[in-house]
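Architecture at a glance
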Amino acid sequence: MTVFSTESFADHEQVVFISDDKVGLRAIIAIHSTRLGPALGGCRMYPYADEASALRDVLRLSRGMTFKAAAAGLGLGGGKSVILGDPRKSKTPDLLRAMGVAVNRLGGRYITAEDVGTTVDDFAWVRQSTRHVVGLPEALGGTGDPSPTTALGVYHGIVASVAHRLGCGLQGLTVAVQGLGNVGWNLCRLLDEAGARLVVCDVDPALAARAGAEFDARIVEPDAIYAVQADVFAPCAMGAVVNDKTLPQMRFRVIAGGANNQLARDEHGRQLREREILYAPDFVINAGGLIRVASEHEGFNAAKVDAQVKGIGATLRRIFELADRDGTPTQSAAMRLVQERLGSTGRPGGAAANNNTNERPLAERIA
């Protein structure tokens, strides 16, 4: 396993490997940037195939958090952490407390929260070892589960995307939702209330059947979602779903969903533009949960959070207008906004980017 030569390592300030044999903890914390403030990002627990996969995931996710916070106008940097292990078998209070100790050693440079494989309740245990945690249960003074707020931001982003590409509202349109976790489920509810027709899939057949009954949704197998006839594709599961295999199958007009890192490679953003598929950059549209937990860190203000989440649609409209004007992928236009916020045309630290394989500006590498 390599670290410095890993392409996703580019621009990271700090990567910490954690081990505590007493509780079975193996974890990685990646701090991409603290230029705008402390790095905030969730703690994911997942049974990675190997350490290299975990490193690649945490580096991609932490970098995305920098972009997400900057695009949302938050005074925060980007970071992420991953715990190697099956959350259904290996997650214990002792392990979570040990993770809190590791976070605490960083002295506030990194603030953690829930993510895939962890829950709001889990962070009551993490909180016993560090105060650098947000997204706590309401009983502990937190704001609870941020996923409904993430879903609300995605919904406003879909509304803005559909208006830009199709010039209409959601009534009668077909939306294909991939993944029915907390974000995907809440998004389905909002789309159903807006009069959209739903096509859904999930790796859990029982969950898909429940969505079919509750939202009158058509159910398809997970591998079939990419080829369905739908106006909008809303990925709300894992990343890299727009790739060499899936993209040729897609006939959607809009891709707008809650998953992180939806493009497997930079070039897929350009290919989507060539195919006239409007892409809502993931780090912009899925920022609702971050906005909510960030407000917990600063002092929760419900009205301010609501306004910022609704503002995701306005940010996307600006991105789409920039992309159309310049003939660039929407991902490039979004990175222009990020760079304005970071005050740099290279990496967050201000120098020209250099990832050992490519010296193009950051916006070009991400687009």
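Structure report, in brief. (Residues numbered from 1 in each chain as written. Predicted model: local features only at pLDDT ≥ 70, side-chain atom pairs only at ≥ 80, totals over all residues. Heavy atoms only, no water.)

1. Description of a nonpolar patch on the surface
- Taken together, the side chains of Tyr-46, Val-116 and Met-238 present a nonpolar region at the surface, about 230 Å² in accessible area.
- Examined against the element boundaries, Met-238 turns out to sit in the loop between strand E10 (232-235) and strand E11 (254-255).
- Of the residues examined, Met-238 reaches a relative accessible area of 35% and is grouped as partly exposed. (Patch = residues over 30% accessible without salt bridge, like charges linked within 9 Å, V, L, I, M, F, W, Y side chains within 5 Å. Areas by Shrake-Rupley, 256 points an atom, 1.4 Å probe, with all protein chains shown as cover. Salt bridge = Lys/Arg side-chain N within 4 Å of Asp/Glu carboxyl O. Helix = DSSP H or I, 4+ residues; strand = E, 2+ residues; numbered from the N terminus. Buried < 20%, exposed > 50% of the residue type's maximum accessible area, 1.4 Å probe, protein only.)

2. What about helix H7 (residues 267-274)?
- Those residues of H7 not exposed but buried are His-268, Gly-269 and Leu-272. Buried residues of H7, seen end-on, are gathered within an arc of 105 degrees and therefore sit on one face of the element.
- As for H7, its buried residues are in contact with E11 and strand E12 (278-279).
- After H7 finishes, the residue Glu-276 shows a positive phi value of roughly 60 degrees. (Arc of directions from axis to C-beta. Contact = heavy atoms within 4.5 Å.)

3. Describing the sheet that holds E10
- Read across the sheet, six strands follow the order E9-E8-E7-E10-E11-E12 without closing on themselves; strand pairing throughout is parallel. Each edge of the open sheet is held by one strand with a lone partner, namely strand E9 (218-219) and E12.
- Where strand E8 (residues 197-201) lies against E9, two bridges are found, and the strand directions are parallel. When the bridges of E9 are listed, Val-199 appears paired with Arg-218. (Pairing = 2+ DSSP bridges.)

4. Concerning the pairing of strand E5 (residues 77-84)
- Within E5, eight of the eight residues are buried, leaving the element largely enclosed by the surrounding structure.
- Of the two faces of E5, the one lined by Gly-77, Gly-79, Ser-81 and Ile-83 and the one lined by Gly-78, Lys-80, Val-82 and Leu-84 are each fully buried.
- Both strand E3 (residues 39-40) and E5 contribute to a ladder of two bridges, which runs parallel. Residue pairing across strands places Ala-39 opposite Gly-77, the latter belonging to E5.
- Alignment of strand E4 (residues 43-46) against E5, held across four bridges, turns out to be parallel. Within the sheet, the bridge partner assigned to Arg-44 lies in E5 and is Val-82.
- Taken together, E4, helix H1 (residues 51-71) and E5 form a β-α-β motif whose crossover is right-handed. (Right-handed = clockwise from strand over helix to strand, strands pointing away.)

5. Observations regarding unusual backbone geometry
- The backbone phi angle of Asp-216 is positive, close to 55 degrees, even though this residue is not glycine.
- Position of Asp-216 relative to the elements: it lies in the loop between helix H6 (205-215) and E9.

6. Brief notes about the side chain of Glu-114
- Relative to the elements of secondary structure, Glu-114 occurs in the loop between strand E6 (110-111) and helix H3 (122-126).
- For the buried Glu-114, no salt bridge exists, and the shortest N-O distance to an oppositely charged side chain is 8.6 Å, to Lys-80. (Lys, Arg positive; Asp, Glu negative; His and termini not counted.)

7. Things to note about the environment of Arg-131
- Relative to the helices and strands, Arg-131 resides in the loop between H3 and helix H4 (147-166).
- Taking C-alpha positions, Arg-131 is 38 Å from Val-242, a pair spaced 111 residues apart along the chain.

8. Thoughts on the packing of aromatic side chains
- Summed over the entire model, instances satisfying the criterion amount to six aromatic pairs.
- Plain terms: the ring middles of Tyr-46 and Tyr-48 are 5.1 Å apart, the flat faces sit at 65 degrees to each other, and that makes the pair edge-to-face.
- Between Tyr-226 and Phe-233 the ring centres are 5.9 Å apart and the planes differ by 70 degrees, which places this aromatic pair in the edge-to-face class.
- A relative accessible area of 11% places Tyr-226 in the buried class.
- Classification of Phe-233 by relative accessible area gives buried; the value is 0%. (Phe/Tyr/Trp six-rings, centres within 6.5 Å; stacked < 30°, edge-to-face > 60°.)

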